[in-house]
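Report on the structure
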Amino acid sequence: MQPIIYKRSYRLGEASFTLGERTLVMGILNVTPDSFSDGGRYNNVERAVQHAREMVAEGADLIDIGGESTRPGHEPVSEQEELERVLPVVEALHREMPKVPLSVDTYKARVAREALKAGAHIINDVWGFKAEAPMAAVAAEFGCPVILMHNRQDRNYGDLIADVAADLRECVEIARRAGVRDENIILDPGIGFAKDYTENLRVMRALDTLAGLGFPLLLGTSRKRFIRTALDLPVDEVVFGTAATVALGIAQGCQIVRVHDVKAIKQTVQMCDAIVYVS
């Protein structure tokens, strides 16, 4: 069955991206000391910029910059500390690669605002606008694309897939009430967040259902624990497992994939696109 594909074009100053012609690859740039797979490797502006350049050369269409780890058991950082980590990198990347769309991975409204002012183009909120009420208003004010991820504190699901869908619809309504336009909304099923091993696998099997909610879907499975568990391998040896999840996601309608290993996953994406986006 042909997956649901949404067509969207975004002009973001000098940067731009289009959905609906091929799958886009979002490269992960963690400027943190404690991210689960690459903490401390790029928490320096020069190293971060170099890694971003490498990912773009390998085929990344967008770069996602995060200043606070969201791994299980992570230590939250203050708003000021996150700003100090993120803003210099956003400014440097915007200056050196103005045509590359930059996403800021944050649930803090002030961090999002300052990052957008510094040159970021997209808000990627792991709490889907539910952590800080002003976040949706910031997105509406800037008129930027937003990625709303599924997450929740209460893991007492009744019907897992129906509950995930309902939670995502709630995120959409928060965005709409603040004035965010539908065409700027992208959803993320939140693989690895508020879900155990079996629940992650079940959501992976139901991505086509979530793609049917009316919005493009981003998939972020790269190096996640459920892959490491399934393969019984360490975090730096699961690129093929990640590729399998990416292929399954594209086949079900995921239009952006967020990954660490851009070069390897780009090949997976191109082969899947040859099938899914065949003319």
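Refer to the preceding data block for the structure.
Below, the structure is looked at part by part. Given the structure is predicted, the values throughout are model-derived calculations rather than measurements.

Turning to the overall build of the protein chain, a few remarks are in order. Summing up its helical and strand segments, the protein chain has ten helices and ten strands in all. Computed over the C-alpha atoms, the radius of gyration of the protein chain is 17 Å, within 12% of the 19 Å expected from 2.2 N^0.38 for a compact globule of 279 residues. Its C-alpha atoms give the protein chain principal-axis dimensions of roughly 45 × 40 × 40 Å. Across the protein chain, the fraction of contacts at a sequence separation of at least 24, relative to all contacts at a separation of at least 6, is 68%.

Now for the nonpolar core. Counting 76 residues, the largest nonpolar core has L29, I65, L93, I123 and F129 as its most contacted members. Element by element, the count of residues in this core is highest for helix 5 (residues 160-178), at nine residues.

Turning to the pattern of salt bridges, a few remarks are in order. As enumerated under the stated definition, the model contains 19 salt bridges in all. Its salt-bridge partner being R176, residue D182 comes within 2.7 Å of it at the nearest N-O pair. Exposure remark for R176: the relative accessible area of 36% places this residue in the partly exposed category. Here the residues in one salt-bridge network are R22, D61 and K266, joined through shared partners.

The description of an aromatic ring pair rests on the distance of the ring centres and on the angle between the ring planes. Summed over the entire model, instances satisfying the criterion amount to one aromatic pair. Taken together, a centroid distance of 4.5 Å and an interplanar angle of 25° make the contact between Y10 and F17 stacked. Among the residues examined, Y10 registers a relative accessible area of 6% and is labelled buried.

On to helix 5, then. For helix 5, with 19 residues, the first-to-last C-alpha span of 28 Å sits near the 27 Å given by 1.5 Å per residue. Looking at helix 5, one finds that the buried residues are L160, I161, D163, V164, A165, D167, L168, C171, V172, I174 and A175. Each element contacted by the buried residues of helix 5 is listed here: helix 4 (134-142), strand 7 (146-149), strand 8 (185-188), helix 6 (197-205) and helix 7 (207-211). Taken from the residues just after helix 5, G179 is the one with a positive phi, measuring 105°.

Further remarks concern the packing of helix 9 (residues 239-251) against helix 10 (residues 262-276). Between helix 9 and helix 10, whose axes approach to 9 Å, the crossing angle comes to 25°. With respect to helix 10, the element helix 9 is oriented roughly parallel. The two elements helix 9 and helix 10 meet at a crossing, and its hand is right-handed. Between helix 9 and helix 10, the contacting residues are V239, T242, A243, V246, A247, I250 and A251 on the first element and A264, I265, T268, V269, C272, D273 and V276 on the second. Residue classes in the contact of helix 9 with helix 10 are distributed as eleven nonpolar, two polar and one charged.

So, on to the side chain of Q252. Position of Q252 relative to the elements: it lies in the loop between helix 9 and strand 10 (254-259). A polar atom in the side chain of Q252 sits 2.7 Å from the backbone oxygen of M204. In this structure the side chain of Q252 is engaged in a polar contact, spanning 3.1 Å, whose partner is the backbone nitrogen of D208. The residues contacting Q252, other than those within four sequence positions of it, are P3, M204, R205, A206, L207, D208 and A211.

Along helix 3 (residues 109-118), the residues classified as buried are A109, V111, A112, A115, L116 and A118. On its buried face, helix 3 sits against helix 2 (79-96), strand 5 (102-105), strand 6 (122-125) and helix 4. Looking one or two places after helix 3, you find G119, whose phi comes out positive at around 130°.

It is worth spelling out the packing of helix 3 against helix 4 at this point. Relative to each other, helix 3 and helix 4 sit at 20°, their axes nearing to 8 Å. The orientation of helix 3 with respect to helix 4, classified from their angle, is roughly parallel. Where helix 3 crosses over helix 4, the two elements pack in a sense that is right-handed. Contact residues: A109, A112, R113, L116 and K117 in helix 3; P134, M135, V138, E141 and F142 in helix 4. Class assignment of the residues belonging to the contact of helix 3 with helix 4 gives a composition of seven nonpolar, no polar and three charged.

Cut-offs applied
- Residues numbered from 1 in each chain as written.
- Predicted model: local features only at pLDDT ≥ 70, side-chain atom pairs only at ≥ 80, totals over all residues.
- Heavy atoms only, no water.
- Helix = DSSP H or I, 4+ residues; strand = E, 2+ residues; numbered from the N terminus.
- Rg over C-alpha atoms; globule rule 2.2 N^0.38 Å.
- Contact = heavy atoms within 4.5 Å.
- Core = buried A, V, L, I, M, F, W, Y, C linked by side-chain atoms within 4.5 Å.
- Buried < 20%, exposed > 50% of the residue type's maximum accessible area, 1.4 Å probe, protein only.
- Salt bridge = Lys/Arg side-chain N within 4 Å of Asp/Glu carboxyl O.
- Phe/Tyr/Trp six-rings, centres within 6.5 Å; stacked < 30°, edge-to-face > 60°.
- Expected span 1.5 Å × (residues − 1).
- Axes fitted to C-alpha atoms, helices over the stretch in contact; angles between N-to-C directions.
- Parallel < 35°, antiparallel > 145°, perpendicular 65-115°, else oblique.
- Left-handed = near helix turned anticlockwise from the far one by under 90°.
- Nonpolar A, V, L, I, M, F, W, Y, C, P; charged D, E, K, R; others polar.
- Polar contact = N/O pair within 3.5 Å; in protein donor to acceptor, adjacent residues only side chain to side chain.

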